[in-house]
Amino acid sequence: SQTIHQWPATLVQPVGSPLSLECTVEGTSNPNLYWYRQAAGRGLQLLFYSVGIGQISSEVPQNLSASRPQDRQFILSSKKLLLSDSGFYLCAWSPATISGNTIYFGEGSWLTVV
Amino acid sequence: AQSVTQLDSQVPVFEEAPVELRCNYSSSVSVYLFWYVQYPNQGLQLLLKYLSGSTLVKGINGFEAEFNKSQTSFHLRKPSVHISDTAEYFCAVTPASGGYNKLIFGAGTRLAVHP
């Protein structure tokens, strides 16, 4: 069966420091991969999605970037964190190509920028 | 572009009472519809989804939802809730074509079940 792992689970970082959140998927190949952010009291906002290695689409302009160095690895990064980057970050995957497939979420990473 | 409106940010209800969580969407193209549940400090879990066919969709944990195309709604219902149903519920849509999934979520409805 497929599993998704995301780490670290909790992170407290000072303003201006770098960020790296990592996500890996097991048990499938060529998945679509996603990064969502959930700010306190708000819904989920799609940040990035990827349909293949090195293929990243950004949904909103922001202080973050994403990379997909391997088929089942998705990394969310920042060179300098802002206070507004605080939130709950969720990595997710779905089978490739077909719309309507279920998207499966990881357990999330809490980021607090202080 | 698509958008989702969840009409209630919070819904308090007593245990064993029925509940309805409302969701309306806007889209110029056909969409698929989803309901996800998020328990505290956890990721999201799929409750149910509508792709085609019968407009009444049954999901896990006794939940069901009805797709109403004319009213662009996809309300979630459960006839009798339990304390364990306390969670945040998200309605989401994705275009029915395009070759990839890109879920657009509503702001969520917090269901609080009281004894």
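Residues numbered from 1 in each chain as written. Chains lettered and ligands numbered in written order. Predicted model: local features only at pLDDT ≥ 70, side-chain atom pairs only at ≥ 80, totals over all residues. Heavy atoms only, no water.

A.B. asks: Would you mind going over the overall build of chain A in detail, with residue names and values included?
C.D. replies: Each helix and strand in chain A was counted, giving 0 helices and 11 strands. In terms of C-alpha radius of gyration, chain A reaches 13 Å, essentially the compact-globule figure of 13 Å for 114 residues. Its C-alpha atoms give chain A principal-axis dimensions of roughly 40 × 25 × 25 Å. The proportion of buried residues among the 114 residues of chain A is 50%. Each charge class in chain A was averaged separately, 6 positive and 6 negative side chains, and the resulting centres sit 9 Å apart. (Helix = DSSP H or I, 4+ residues; strand = E, 2+ residues; numbered from the N terminus. Rg over C-alpha atoms; globule rule 2.2 N^0.38 Å. Buried < 20%, exposed > 50% of the residue type's maximum accessible area, 1.4 Å probe, protein only. Lys, Arg positive; Asp, Glu negative; His and termini not counted. Charge placed at Lys NZ, Arg CZ, Asp CG, Glu CD.)

A.B. asks: Which residues make up the overall build of chain B, and what values do they have?
C.D. replies: Secondary structure summary: chain B contains 0 helices and 12 strands in total. Along chain B, helices (α) and strands (β) appear in the sequence β-β-β-β-β-β-β-β-β-β-β-β when read from the amino end. Relative to a compact globule of 115 residues, whose C-alpha radius of gyration would be 13 Å, chain B shows 14 Å and is just as compact. Judged by the C-alpha coordinates and their principal axes, chain B covers about 45 × 30 × 20 Å. Out of the 115 residues in chain B, the part that is buried amounts to 46%. Looking at chain B alone, contacts between residues at least 24 apart form 56% of all its contacts between residues at least 6 apart. A total of about 5,500 Å² of accessible surface is found on chain B, and carbon and sulfur atoms cover 51% of it. A distance of 11 Å separates the average location of the 8 positive side-chain charges in chain B from that of its 8 negative side-chain charges. (Contact = heavy atoms within 4.5 Å. Areas by Shrake-Rupley, 256 points an atom, 1.4 Å probe, with all protein chains shown as cover.)

A.B. asks: Which residues make up the pattern of salt bridges, and what values do they have?
C.D. replies: Residues and elements named next belong to chain B. Under the criterion given, the structure shown has 8 salt bridges over all chains. Between Glu-20 and Arg-77 there is a salt bridge whose closest N-O contact spans 2.8 Å. Here Glu-20 is found in strand 3 (residues 19-21), whereas its partner Arg-77 is found in strand 9 (residues 73-78), with 57 residues between them in sequence. We classify Arg-77 as partly exposed; its relative accessible area is 26%. Taking the shortest distance from any N to any O, the salt bridge between Glu-88 and Arg-110 comes out at 2.8 Å. On the criterion of sequence distance, the pair formed by Glu-88 in strand 10 (residues 87-95) and Arg-110 in strand 12 (residues 109-114) is long-range, its members being 22 residues apart. Residue classification places Arg-110 among the partly exposed positions, given a relative accessible area of 45%. Three or more residues are tied together by salt bridges with common partners; here these are Glu-20, Glu-66 and Arg-77. (Salt bridge = Lys/Arg side-chain N within 4 Å of Asp/Glu carboxyl O.)

A.B. asks: Quick one: what's the story with the nonpolar core, residue by residue and with numbers?
C.D. replies: Counting 28 residues, the largest nonpolar core has Leu33(B), Trp35(B), Leu47(B), Leu48(B), Phe74(B), Leu76(B) and Tyr89(B) as the members making the most contacts within it. In terms of nonpolar packing, the next biggest core, distinct from the first, is built from 21 residues, Leu19(A), Leu64(A), Phe74(A) and Leu111(A) among them. (Core = buried A, V, L, I, M, F, W, Y, C linked by side-chain atoms within 4.5 Å.)

A.B. asks: Break down the sheet that holds strand 8 (residues 73-78) of chain A for me, with residues and values.
C.D. replies: All names here are of chain A. Judged by pairing direction, the sheet is antiparallel, and its 4 strands sit side by side in the order 1-3-8-7 without closing on themselves. The open sheet is flanked by strand 1 (3-7) and strand 7 (65-70), the only strands paired with a single partner. The average undirected angle you get between the axes of adjacent strands in this sheet is 20°. Sheet topology note: the strand 1/strand 3 (residues 19-26) ladder contains 5 bridges and is antiparallel. Of the residues in strand 3, the one forming a bridge with Trp-7 is Glu-22. (Pairing = 2+ DSSP bridges. Axes fitted to C-alpha atoms, helices over the stretch in contact; angles between N-to-C directions.)

A.B. asks: Got a sec to walk through the packing of aromatic side chains? Specific residues and values, please.
C.D. replies: The full count for this structure, using the stated rule, is 14 aromatic pairs over all chains. Seen in terms of ring centroids, Tyr50(B) and Phe67(B) are 4.5 Å apart; in terms of plane orientation they differ by 25°. Their pairing is stacked. In this pair, Tyr50(B) is assigned in strand 6 (residues 44-50) and Phe67(B) in strand 8 (residues 64-68), connecting sequence segments 17 residues apart. When sorted by exposure, Tyr50(B) lands in the same class as Phe67(B), which is buried. Three or more aromatic residues joined by ring pairs make a cluster, and in this case those are Tyr34(A), Tyr36(A), Phe105(A), Phe34(B), Tyr36(B), Phe90(B) and Phe105(B). (Phe/Tyr/Trp six-rings, centres within 6.5 Å; stacked < 30°, edge-to-face > 60°.)

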